[in-house]
Amino acid sequence: MKLYTLVLGDYQVNCYLVSDEVGRAVIIDPGYEPERILRAVKERNLEVKAIFLTHGHFDHIGAVKPLVQALQCPVYVHPKEATLPPYLTQGLLWFNEEYAEGDVVSVGDLSFRVIETPGHTNGSVCLLCEDHLFSGDTLFAGSCGRTDLGGSMLDMLASLKKLAALEGNYRVHCGHGPETDLDTERRENPYIHQRSFR
Ligand SMILES: [Zn+2]
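What counts and what doesn't
Residues numbered from 1 in each chain as written. Predicted model: local features only at pLDDT ≥ 70, side-chain atom pairs only at ≥ 80, totals over all residues. Heavy atoms only, no water. Helix = DSSP H or I, 4+ residues; strand = E, 2+ residues; numbered from the N terminus. Rg over C-alpha atoms; globule rule 2.2 N^0.38 Å. Buried < 20%, exposed > 50% of the residue type's maximum accessible area, 1.4 Å probe, protein only. Contact = heavy atoms within 4.5 Å. Areas by Shrake-Rupley, 256 points an atom, 1.4 Å probe, with all protein chains shown as cover. Donors = N, O, S within 2.8 Å, 3.2 Å for Na, K, Ca; no water. Tetrahedral: all angles 85-135°; square planar, octahedral: opposite > 155°, others 65-115°. Arc of directions from axis to C-beta. Pairing = 2+ DSSP bridges.

Caption draft 1: Layout of the overall build of the protein chain. Within the protein chain, the regular secondary structure consists of six helices and 14 strands. Scaling as 2.2 N^0.38, a compact globule of 198 residues should have a C-alpha radius of gyration of about 16 Å, and the protein chain matches this with 16 Å. Expressed as a percentage of the 198 residues in the protein chain, the buried residues total 51%. Once local pairs closer than 6 in sequence are excluded, the contacts in the protein chain between residues at least 24 apart make up 58%. Carbon and sulfur atoms make up 48% of the accessible area of the protein chain, which totals about 8900 Å².

Quick look at the structure:
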């Protein structure tokens, strides 16, 4: 796998270009700056097969429409994100494919497995590919995403425990901020260890 990270816009969202060895690629969370993303795609000779969204907040989706116009590729999101109120999507949420728990989407030689991780939003997902975990705004290095923008703290704590229970270690690529790895978060992330009562 080849991985390129672009940090985009005022909210400094991490947009990931993930490709196999011959350049068949996906774009994860294109939040802003479509021309910059397209330049990166061209420079690296990538053939973009799909756009994956970890959730529907505006800072993760702002470049979707111009990219679809330029690349003619499908856009995947969890169907629950369609119920986010407009002030959280700024009307920018557009998709034509849905994915949910356990779905596997193949792109070239890469397979992405969808893990439902509600909490930041009801339809937040994480994506697993090889030993990489794309965690959106669910798991951050030493922290987790906000739950007051269409989500739930109880769901978040359950989702963090679900990620901690995955087998083995993963490099974790977050929606904002630095990369981490799952073993470090299992040891040090206070939210993973927080007790919760339903
Ligand atoms: Zn978000």
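Let us keep going from here.
Caption draft 2: Region of interest: the coordination of the zinc ion. In this structure, His55 (NE2), His57 (ND1), His120 (NE2) and Asp137 (OD) serve as the protein donors to the zinc ion, at separations of 2.1 to 2.5 Å. Around the zinc ion, the four donor atoms sit at angles spanning 86 to 169°, and that spread fits a shape best called irregular. Between consecutive donors of the zinc ion, the numbers of intervening residues give the motif H-x1-H-x62-H-x16-D. Of this pair, His120 sits in the loop between strand S8 (110–116) and strand S9 (125–129) while Asp137 sits in the loop between strand S10 (132–136) and strand S11 (139–140); the two residues are 17 residues apart in sequence, bridging distant segments of the chain. Here the two residues His120 and Asp137 agree in accessibility, since each one is buried.

Caption draft 3: Spotlight on helix H1 (residues 34–43). Of the residues making up H1, those classed as buried are Pro34, Ile37, Ala40 and Val41. Angular distribution of buried residues about the axis of H1 spans 125°; they occupy a single face of the element. Relative to its buried face, H1 has exposed residues pointing more than 90 degrees away, namely Lys42 and Glu43. Along its buried surface, H1 packs onto strand S1 (2–8), strand S2 (13–19), strand S3 (24–28), strand S4 (47–52) and helix H3 (64–71). Positive backbone phi, approximately 60°, marks Asn45, located one or two places after H1.

Caption draft 4: Highlighting the pairing of S10. Where burial is concerned, most of S10 is hidden: five out of the five residues are buried. A two-sided burial pattern is seen for S10, the buried positions comprising His132, Phe134 and Gly136 on one face and Leu133 and Ser135 on the other. Direction of pairing for S9 relative to S10: antiparallel, over a ladder of three bridges. For Cys129, the partnering residue across the bridge sits in S10 and is His132. Counting the residues between successive antiparallel strands, the hairpin from S9 to S10 contains two residues, one of them, Glu130, with a positive phi of roughly 50°.

Caption draft 5: The arrangement of the sheet that holds strand S6 (residues 97–98) in detail. The strand order S1-S2-S3-S4-S5-S6 describes an open sheet built from six strands, whose pairing is mixed. Two strands close off the open sheet at either side, each with one partner strand: S1 and S6. Relative to S2, S1 runs antiparallel, the two being bridged by seven bridges. Paired with Thr5 across the two strands is Tyr16, which belongs to S2.

Caption draft 6: Expanded view of the environment of Gly136. Residue placement: Gly136 occurs in strand S10. In this structure the C-alpha to C-alpha distance between Gly136 and His193, which are 57 residues apart in sequence, comes to 20 Å. Setting aside residues up to four positions removed in sequence, Gly136 forms contacts with Thr54, His173, Cys174 and Gly175.

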